[in-house]
Amino acid sequence: MMLELQMPNNSQNNNSNSNLTELVTSRNSSVITPNTNSKSYTYEPINYQNKEKSQWIYYFHKLILHISFHMTLLSILEPIFFFYYAVPMERQLFFDQLEDFTHYQQEIMESHNAQMIRNQPFYDAFIEFLNYENAQIDTLLISMNNDANIAKQQNNHYNAGLEHIAYLFPIGMGSFTILYYTTIQYLYNYKNLGIQVLGEHISLMIFVAAYEFWFFTHVILKYHPFTAEGVMEFLVNCFFVRVFQYYPELSIIQHNVTASCEP
């Protein structure tokens, strides 16, 4: 009895090898995702390189928007705070300090006993001399008032130009922010990116404004860069330097101390 040996079909082996190769290749290029309903697995190909690149692009655009929104809101807040709050407060503080100087001068005059000076023999002669020369301060005060009004108008015009320049930056920065956001939304259509970034920076600006207000009112306005006594010493020294320059004969009243007009 003869045994018949059947050789394996080559075509079936080739098909099996091909299917195995495709399965291995598919598993190497895919991730396994379980299906909870059927307890089976499906293969979903993911392009990791493109995903990472898109994430970097997203974070880059988000960073640019953070900078743009922050600069826009800050450039709006700073001029408003400076021109409408800081400047009026600093002006009032300056004139308050000038008033302290006048009180200091009044104390000097009182300490020198004005009545004693009026009782000196030369005082009446000095008053008669002024009357004889028809000396007056009207012309000086009128001239100073006119000069002050002209200088004030020029200064207001100059400051208005600075305020105009201060508002040009937020206009330009805001235009760039809107244009940039519109462009990336047209190209990428990010969901709620602008609202999220704008909301974060509005919240940030509220706290920044509150801190600046507190710092200005509790530190800057209460800071004393100089004293009334120090300023008066400087002004009196400069006054005597000018007097001795045009009336050198009066320099005989200097003995051990020399007037110096240096801060």
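Owing to the predicted nature of the structure, the values given are computational and were not obtained by experimental measurement. (Residues numbered from 1 in each chain as written. Predicted model: local features only at pLDDT ≥ 70, side-chain atom pairs only at ≥ 80, totals over all residues. Heavy atoms only, no water.)

A. Examining the overall build of the protein more closely. When helices and strands are tallied, the protein shows 7 helices and 2 strands. Along the protein, helices and strands appear, N-terminal first, in the series α-β-β-α-α-α-α-α-α. In the protein, which comprises 263 residues, the share counted as buried stands at 14%. Taking the intrachain contacts of the protein between residues at least 6 apart in sequence as the baseline, contacts between residues at least 24 apart amount to 68%. (Helix = DSSP H or I, 4+ residues; strand = E, 2+ residues; numbered from the N terminus. Buried < 20%, exposed > 50% of the residue type's maximum accessible area, 1.4 Å probe, protein only. Contact = heavy atoms within 4.5 Å.)

B. Examining the packing of aromatic side chains more closely. Following the criterion strictly, the structure yields 14 aromatic pairs and no others. Measuring from centroid to centroid gives 5.1 Å for Phe82 and Phe83, while their planes differ by 80°, and the two rings are edge-to-face. The class of Phe82 is partly exposed, set by a relative accessible area of 39%. On the accessibility criterion, Phe83 (21% relative accessible area) is partly exposed. Through a chain of ring-to-ring contacts, the aromatic side chains of Tyr58, Tyr59, Tyr188 and Tyr190 assemble into a single cluster. (Phe/Tyr/Trp six-rings, centres within 6.5 Å; stacked < 30°, edge-to-face > 60°.)

C. Highlighting the confidence of the model for the protein. Residue-level pLDDT values for the protein average 79, and 78% of them are 70 or greater. Across the protein, helix 5 (residues 138–188) holds the top mean pLDDT of 92, while strand 1 (residues 31–35) sits lowest at 44. Confidence drops under a pLDDT of 50 for residues 1–44, and excluding neighbours within four residues, the segment shows 21 contacts in the predicted structure. (pLDDT = per-residue confidence, 0-100.)

D. Up close: a nonpolar patch on the surface. A cluster of nonpolar residues, Ile117, Phe122, Phe126, Ile127, Phe129 and Leu130, forms a patch on the protein surface that exposes about 560 Å² of accessible area. Ranked by residue count, the leading element in the nonpolar patch is helix 4 (residues 121–132), at 5 residues. Secondary-structure assignment places Leu130 in helix 4. Of the residues examined, Leu130 reaches a relative accessible area of 31% and is grouped as partly exposed. (Patch = residues over 30% accessible without salt bridge, like charges linked within 9 Å, V, L, I, M, F, W, Y side chains within 5 Å. Areas by Shrake-Rupley, 256 points an atom, 1.4 Å probe, with all protein chains shown as cover. Salt bridge = Lys/Arg side-chain N within 4 Å of Asp/Glu carboxyl O.)

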